[in-house]
Amino acid sequence: GNWLLYAILFTLVMIVTRLYQSRSSRDVFQLYGLTFLAVIAGAVVNPSLSFIFLFLVYVVLLTWGLTLLHLQRNLESLAEEQEAFGERPADLRWKARNLVTPGFLAGSSALALVVFMSSLLIFFFFPRLGMGFFFSQGRAGQQVSGFADRIELGHFGTIKDNLRVVMRVELPEDKENPGHVLRMRGISFDHYDGRVWSKTTRAVDEMRRSNTGVWDLSHPEIGFSRTAGKELIQEVYLEPLEMDKRFIFGVPTILTVGIDNARLDRLKREPTRFYQDDWAGDVSTRGRTSSALKYRVTSWSSLATPDQLRSGEGPTPREIRELYLQLPETLDARIAALAKEVTKDAPTAFDKAFVLRRHLERGYVYSTEGGHDREDPLADFLFGLKRGHCEYFSSAMVVMLRTQGIPARSANGFYGGVYNPFGNYYAVRQADAHSWVEAWLPGIGWHTFDPTPPGEVLVPAEAGMLGTLSEWFDSLKLAWYKWVVEYDLEKQLAFFQGVGEAMGGLRDLFPKPEGGESSSPSAWREGIK
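Values in this document were obtained by computation on a predicted structure and should not be read as measured data. (Residues numbered from 1 in each chain as written. Predicted model: local features only at pLDDT ≥ 70, side-chain atom pairs only at ≥ 80, totals over all residues. Heavy atoms only, no water.)

Caption draft 1: Up close: the overall build of the chain. Each helix and strand counted, the chain has 16 helices and 23 strands in total. Burial analysis of the chain (529 residues in total) assigns 46% to the buried set. Counting only contacts in the chain whose residues sit at least 6 apart along the sequence, the fraction spanning at least 24 positions is 76%. About 27,700 Å² of surface is accessible on the chain, with carbon and sulfur atoms providing 58% of the total. (Helix = DSSP H or I, 4+ residues; strand = E, 2+ residues; numbered from the N terminus. Buried < 20%, exposed > 50% of the residue type's maximum accessible area, 1.4 Å probe, protein only. Contact = heavy atoms within 4.5 Å. Areas by Shrake-Rupley, 256 points an atom, 1.4 Å probe, with all protein chains shown as cover.)

Caption draft 2: Looking closely at the sheet that holds strand E19 (residues 408-416). The four strands lie next to each other as E4-E19-E22-E23, forming an open sheet whose pairing is antiparallel. In this open sheet, the two strands that pair with only one neighbour each are strand E4 (182-189) and strand E23 (445-449). Taken pair by pair, the neighbouring strands of this sheet meet at an average axis angle of 40°, ignoring direction. Relative to strand E22 (residues 433-441), E19 runs antiparallel, the two sharing seven bridges. Paired with phenylalanine 414 across the two strands is alanine 433, which belongs to E22. Packed on one face of the sheet, helix H10 (residues 349-363) meets E22 and E23 and runs near 20° to E23. Contacts from helix H12 (residues 390-403) reach E4, E19, E22 and E23 within the one sheet, and its direction differs from that of E22 by about 15°. (Pairing = 2+ DSSP bridges. Axes fitted to C-alpha atoms, helices over the stretch in contact; angles between N-to-C directions.)

Caption draft 3: Representation of the nonpolar core within the structure. Residues Met167, Phe249 and Phe414 are the most contacted members of the largest nonpolar core, which totals 68 residues. The biggest single contributor to this core is H12, with eight residues. Excluding its chain neighbours within four sequence positions, the residues that come into contact with methionine 167 are Met184, Val236, Tyr237, Leu238, Phe249, Phe414, Tyr426, Ala427 and Val428. Core analysis: the second largest hydrophobic core is formed by 16 residues, Val165, Ala427, Tyr481 and Val484 among them. (Core = buried A, V, L, I, M, F, W, Y, C linked by side-chain atoms within 4.5 Å.)

Shown next as structure tokens:
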């Protein structure tokens, strides 16, 4: 079964046994060896940042212990020699106590720190043989709402106060810009029965994989406009999440997904594979969800103007009409009447979506209190309470668009995130979970509309000294996972490359050859000659 667990239990039993039977320096030495095995086991079962602090304390205590053990051995040897000559062993313990002074402890601690720093150098420079000691170790996943195949309307309001980080996003091409507001799309829904959003059963195909480890969209016909926009690269570090499927989050629309250590990934017992829901565009992966996933997403970020969105022309695929015009059989007739009234002066699909978004944004209040009618929560939101959180706003707009013949769907993901200046990344929290609308525009494809009042959606960062300390600690935690827990051959090569680039400025210290500007080693040798 779980051999590691039983090995740890056996080690603990042996430690307790040795503590009761410790009589000589040999017993103490065995005890130290058992504690070292326990620490090694701790490195496997506890890959969190707390391990490094506990390990540092252990190194200091072990250095003290080994030094005192050496002293104990010498005292025992002296006592054995006295007994061999028929002399009565002298009690030298009081002299030993005089040696254990604050200066002795301080010197031993300094020695321990030197040993610790030396071990770090060995760790970073010793050639990696594979995917790292921690490779197979997982972590407990976080529970997060909104990312199952079936979701009852009204559950998002329970997580808006949870500031636990679920992913960290780096923008390599704009790394030090704190001004971005991220919209990380994960899953969409097509079927609404009046209370529950769900995904109908459709084909989920494996994405096409290139030789470089990049996975391309299997179905480019899902639709998006390249007439106005730009490609945006995101490097995402996704924490383990407790979801039915492990969805890949990225700025819409996702074009490719890649893994940095693609070559080593193939050596896994279960290599990472990416799958795309045929017409939804949702991307997911299979395999273990108890470990973090580091991936790179290339997205097409639309910059189309209202005139461009308004003037698009083209047919709507049959599959889109079948999936995204569905309405509940018991839909309240007032909803269709309200949508018709709001959009009566809107000539195009974009205009209808625009005025419906504005109607909801201005006429309803954002609230996480709940209390809606469980039998018909949407009608209660629109005509009763007139307040609710993001799911009510997005659901109302999707249903009203469908009553006007415009394909639409509800999309869930994260919106916002706070910039971490210590690590130059965006921390996306559970509180940033959000729901919005994607409407099908002729000639354009899926376009995002967000009817929730914008001032109520974004969750601010923690303020004051506590917030600063939280950001610093989170950046330290990310560095720990990236450069220790998941430190493998790929990262080691990247580390060496970074060291080389950092040392590139040293070339200015060397003399340049006469008649040239080159400072390469060969040119430098020629200049010396």
